[in-house]
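# Observations on the three-dimensional arrangement
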2 protein chains.
Amino acid sequence: MTRKLRSSGISRRAVLSTVAALPILSTPVLRTSGLAQTSDPLPSWNNGVAKETIIGFVQASVDRSSRTFVPPEARIATFDQDGTLWVEHPMYTQVMYCLERVPMVVKEKPQLRERQPFKTILSGDREAIAKLSLHELEEVLFATLTGMTVEQFNAEAKAWIQSAKHPRWDKPYTDLTYQPMQEVLRYLRANGYETYIVTGGGQDFVRVYSEQVYGIPPEQIVGTAGGTTFGYGKDGNPTLTKEPKLLLNDDNAGKPEGIHLMIGRRPYASFGNSTGDRQMLEYTWAGDGPRLAMLVLHDDAKREYAYGPAQGLADSKVGTFTQALYDEAKERGWTVISMKDDWNRIFAFEGTGSRALQ
Amino acid sequence: MTRKLRSSGISRRAVLSTVAALPILSTPVLRTSGLAQTSDPLPSWNNGVAKETIIGFVQASVDRSSRTFVPPEARIATFDQDGTLWVEHPMYTQVMYCLERVPMVVKEKPQLRERQPFKTILSGDREAIAKLSLHELEEVLFATLTGMTVEQFNAEAKAWIQSAKHPRWDKPYTDLTYQPMQEVLRYLRANGYETYIVTGGGQDFVRVYSEQVYGIPPEQIVGTAGGTTFGYGKDGNPTLTKEPKLLLNDDNAGKPEGIHLMIGRRPYASFGNSTGDRQMLEYTWAGDGPRLAMLVLHDDAKREYAYGPAQGLADSKVGTFTQALYDEAKERGWTVISMKDDWNRIFAFEGTGSRALQ
């Protein structure tokens, strides 16, 4: 339920005018839509509170005659990425990138081969890798994400993201975005919202694929960011080199801080799925007027994963959704999205046959 | 002259179609235009190399049939503010803000009254104030720009900018933007460019008025930025407090570094006026395809100010344009804008009568 506002049903005309405003792209939502579905901006969502809340929020904020109207220039929506827009289990995609890049780094710097944590990672011993300390993981991140120019990094990350595959589905990670959330991104943009990703992941990493995968340009990615240093290459041309110096740790309290740094406005809508998103949702929710705060609960082991530990789900180090966060959501009036109950389809590649729950 | 491209004259049809794409706003450029001027997107510019270079660059980059075409999503233009978009003499506007805010700060913290540099500033002794060290000025900046919530800062800065006046013109600082550059901003935006301010000034300060003054929203301001800290107020609501911690010193090499952090793409066009803009222009110029790099030379003591020390103009600590920068511009093929010769009108309040040089 949006704050200070009940979503009391939406007129068919309002929905149709929204769809008419959608950019004409060959996206799954339009490709697969028959006449009946054309009026539904969120076809992968089952009817229920979550879907009604999103549509009610949008309708309230674009209605010029209402006191809940949000001026177009203020329409900012922020989305966590890992676990909110795409799969984060069994491990964050960027951590997979860093681990898989270790052999290349060791080839360039052979002295690392016998040093920890590189030796453990090269051993391929999954149990030992899982036990690496935070400090050791940071060493891997710095070694694999810094020390090269921005262009070199972009080229390497792009090559990896185009070829790497998720072990469970044997598909590119970029195929594992959630179709219902892709629909929300497009629906908000069609209604004048700027959609930002606000991620604990690396800003430069996400920028490599965000435009192609989400339709979100590099300048609308807020993420954990390291510094760069301006200099000149051997050819005399200017270069920006990625440095092992953390400028913004874009997680927990760092999310609203990063939003202020990079956007400078409070969002009207925020989506997350874990304790790292709590402060972003609190910051969003504390503003005046209509606000939307939603959390994805991974409660679908069959189609994706099930973890919390909220609501008795399995505990998880990756994308932790605590019972305290669940209770805070309920108390404040945020909406918890049940992946199992609210989404009739999770991935675009599923087709539209699995609408059993609708 | 744009790189790898001579601006060999522009067809009348091309210019007309550009004007047709301009948003219909009651801006000076449209309000004052008769039929003849309607075809000119830059009426405050005298005919000459500078004006031709801007129009040639835009035409080349929007021509789909040309190999100089720039895809719409890549159209980024960056502008220094002080001395490029508005007056910076005798002192940067934000420094005036900080100095004028000292009495209020001392009222809140009386223990500062007898301490330096606050004592000197309160004395009003201009010569002594001009001699303050960089370290002392930094202390003033931290005392006046940090330690409050983002909302408090915004309210205070907004109240000041609405009431403070420039000593020479006795007009609000926001009236002292350069009309020719306002036309460039609108002309670029009408042709699909996103226009960013990239300033050594404070990011939060410029954001307070940028949308109203330049039509540039807060998220398109890249500036010197301090950190904020997320917390909770007495009412339990989330707050962001501005901290005396420098995250980005957005000047010199910090400009391309800030552009990467905040935008993540290399600009196609950059405008500056001092040595602090050199690296931004070098970074812009080093990219492929059509590029625009321009520097405003303040050589008009009568209508504005004259300072360099390039070209034998007076030396200046504020907005220094060295001969070395001038020589680099000529060598690389950047365009130097002569305020005296290239602009037939400097401020909107001048009206359109002063076109003697055209």
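Residues numbered from 1 in each chain as written. Chains lettered and ligands numbered in written order. Predicted model: local features only at pLDDT ≥ 70, side-chain atom pairs only at ≥ 80, totals over all residues. Heavy atoms only, no water.

Tallying secondary structure elements over chain A gives 15 helices and 7 strands in all. Counting only residues that meet the buried cut, chain A has 56% of its 358 residues in that class. (Helix = DSSP H or I, 4+ residues; strand = E, 2+ residues; numbered from the N terminus. Buried < 20%, exposed > 50% of the residue type's maximum accessible area, 1.4 Å probe, protein only.)

All names here are of chain A. Overall, the prediction assigns chain A a mean pLDDT of 89, with 87% of residues at 70 or greater. Ignoring residues within four places in sequence, the model shows residues 1-37, a span with pLDDT below 50, making 64 contacts including any to other chains. Counting contacts from residues 354-358, a segment whose pLDDT is below 50, to residues more than four positions away or on other chains yields 11 contacts. (pLDDT = per-residue confidence, 0-100. Contact = heavy atoms within 4.5 Å.)

Okay, the relation of the copies chain B and chain A next. Of the transformation placing chain B onto chain A, the axial shift is 0.0 Å and the rotation is 180°, giving an RMSD of 0.0 Å. Taken together, the rotation angle and the small translation identify this as a two-fold axis. The residues that chain B uses at the interface reappear at the interface of chain A in 100% of cases, marking a shared surface. (Least-squares fit on C-alpha atoms with pLDDT ≥ 70 in both.)

Residues and elements named next belong to chain A. Most of strand β3 (residues 221-232) is tucked away, with 9 of its 12 residues classed as buried. Sheet topology places strand β2 (residues 194-202) next to β3; 4 bridges connect them, and they run parallel. Paired with Thr 199 across the two strands is Gly 223, which belongs to β3. Where β3 hands over to strand β4 (residues 238-248), the hairpin turn is made up of 5 residues, of which Gly 236 adopts a positive phi near 85°. (Pairing = 2+ DSSP bridges.)

Ranked by internal contacts, the top residues of the largest apolar core, which has 67 residues, are Trp 45, Phe 79, Leu 188, Tyr 214, Phe 271 and Trp 343 of chain B. Examining the composition of this core, we find that 7 residues originate from one element, helix α5 (residues 93-108) of chain B, more than from any other. Residues in contact with Phe 79 of chain B, not counting those within four places in the same chain, are Leu 85, Met 181, Val 184, Leu 185, Leu 188, Thr 195, Tyr 196, Ile 197, Val 198 and Phe 271 of chain B. In this structure, Ile 121, Tyr 173, Tyr 178 and Tyr 268 of chain A belong to the second largest nonpolar core, which totals 66 residues. (Core = buried A, V, L, I, M, F, W, Y, C linked by side-chain atoms within 4.5 Å.)

All names here are of chain A. The 7 strands are arranged β4-β3-β2-β1-β5-β6-β7 in an open sheet whose pairing can be described as mixed. The open sheet is flanked by β4 and β7 (335-338), the only strands paired with a single partner. Averaged over all neighbouring strand pairs, the angle between strand axes comes to 35°, with direction disregarded. (Axes fitted to C-alpha atoms, helices over the stretch in contact; angles between N-to-C directions.)

Residues and elements named next belong to chain A. Counting buried residues along helix α11 (residues 203-214), 9 of its 12 residues qualify, which places the element largely inside the surrounding structure. Listed as buried for α11 are Gln 203, Asp 204, Phe 205, Val 206, Arg 207, Tyr 209, Ser 210, Val 213 and Tyr 214. Just beyond α11, the residue with positive phi is Gly 215, at close to 70°.

Backbone torsion omega between Gln 116 of chain B and Pro 117 of chain B reads 0°, so that peptide bond is classified as cis. Take Pro 117 of chain B: it is sitting in the loop between α5 and α6 (118-123). Residue Pro 309 of chain B follows Gly 308 of chain B across a cis peptide bond; omega there is 20°. Residue position: Pro 309 of chain B is located in the loop between β6 (292-297) and α14 (323-332). For Asp 170 of chain A, which is not a glycine, the phi torsion comes out positive at approximately 55°. Counting through the fold element by element, Asp 170 of chain A comes out in the loop between α9 (150-163) and α10 (179-190). Residue classification places Asp 170 of chain A among the exposed positions, given a relative accessible area of 52%. Of note, Gln 311 of chain A is a non-glycine position whose phi angle comes to about 55°, a positive value. Within the secondary structure layout, Gln 311 of chain A lies in the loop between β6 (292-297) and α14 (323-332). By relative accessible area, which is 43% here, Gln 311 of chain A ends up partly exposed.

Here the focus is the pattern of salt bridges. According to the stated counting rule, one finds 34 salt bridges over all chains in the structure shown. Lys 119 of chain A serves as the salt-bridge partner of Glu 114 of chain A, at 3.6 Å between the closest nitrogen and oxygen. You can call Lys 119 of chain A partly exposed: its relative accessible area is 40%. Of the charged contacts, one joins Arg 265 of chain B and Glu 211 of chain A as a salt bridge, the two residues approaching to 3.2 Å between their closest N and O atoms. Here the residue Arg 265 of chain B occupies a position in the loop between α12 (254-262) and β5 (269-272), and Glu 211 of chain A occupies one in helix α11, the pair thus bridging two chains. Through salt bridges that share partners, Arg 278, Glu 282, Glu 328 and Arg 332 of chain A make up one connected network. (Salt bridge = Lys/Arg side-chain N within 4 Å of Asp/Glu carboxyl O.)

As a further point, take the pairing of β2 of chain A. Residue and element names in this part refer to chain A. Among the 9 residues that make up β2, 7 are buried, leaving the element largely enclosed by the rest of the structure. Looking at chain direction, strand β1 (residues 76-79) and β2 are connected through 4 bridges and run parallel. The residue of β2 that forms the bridge with Thr 78 is Tyr 196.

Residues and elements named next belong to chain B. Between α5 and helix α8 (residues 134-145), the shortest axis-to-axis distance is 9 Å and the interhelical angle comes to 65°. With respect to α8, the element α5 is oriented roughly perpendicular. For the pair α5 and α8, the crossing hand works out as left-handed. Contacts between α5 and α8 involve Gln 94, Tyr 97, Cys 98, Arg 101, Val 102 and Val 105 from the first element and Val 140, Leu 141, Ala 143, Thr 144 and Leu 145 from the second. (Parallel < 35°, antiparallel > 145°, perpendicular 65-115°, else oblique. Left-handed = near helix turned anticlockwise from the far one by under 90°.)

The next point concerns the side chain of Ser 44 of chain B. In this fold, Ser 44 of chain B is placed in the loop between α3 (35-38) and α4 (49-62). Setting aside residues no more than four positions away along its own chain, Ser 44 of chain B makes contact with Gln 179, Pro 180, Glu 183, Asp 342, Trp 343, Asn 344 and Arg 345 of chain B.

A few words now on the interface of chain B and chain A. Residue-level contacts link 37 residues of chain B with 37 residues of chain A. Between chain B and chain A, roughly 3,100 Å² of surface is buried when both sides are summed, and carbon and sulfur atoms account for 54% of that area. When residues of chain B are sorted by the area they lose upon contact with chain A, Glu 219, His 260 and Leu 261 of chain B head the list and together hold 20% of the total. Viewed at the interface, chain A and chain B are joined by 6 salt bridges. The interface formed by chain B and chain A includes 22 residue pairs in polar contact (both at pLDDT 80 or more). Breaking the side of chain B that touches chain A down by element, the ones donating at least two residues are α9 (150-163), β2 (194-202), α11 (203-214), β3 (221-232), β4 (238-248), α12 and α13 (278-285) of chain B. When its residues are assigned to classes, the side of chain B that touches chain A shows 18 nonpolar, 7 polar and 12 charged. (Buried area = accessible area lost by both parts, 1.4 Å probe. Polar contact = N/O pair within 3.5 Å; in protein donor to acceptor, adjacent residues only side chain to side chain. Nonpolar A, V, L, I, M, F, W, Y, C, P; charged D, E, K, R; others polar.)

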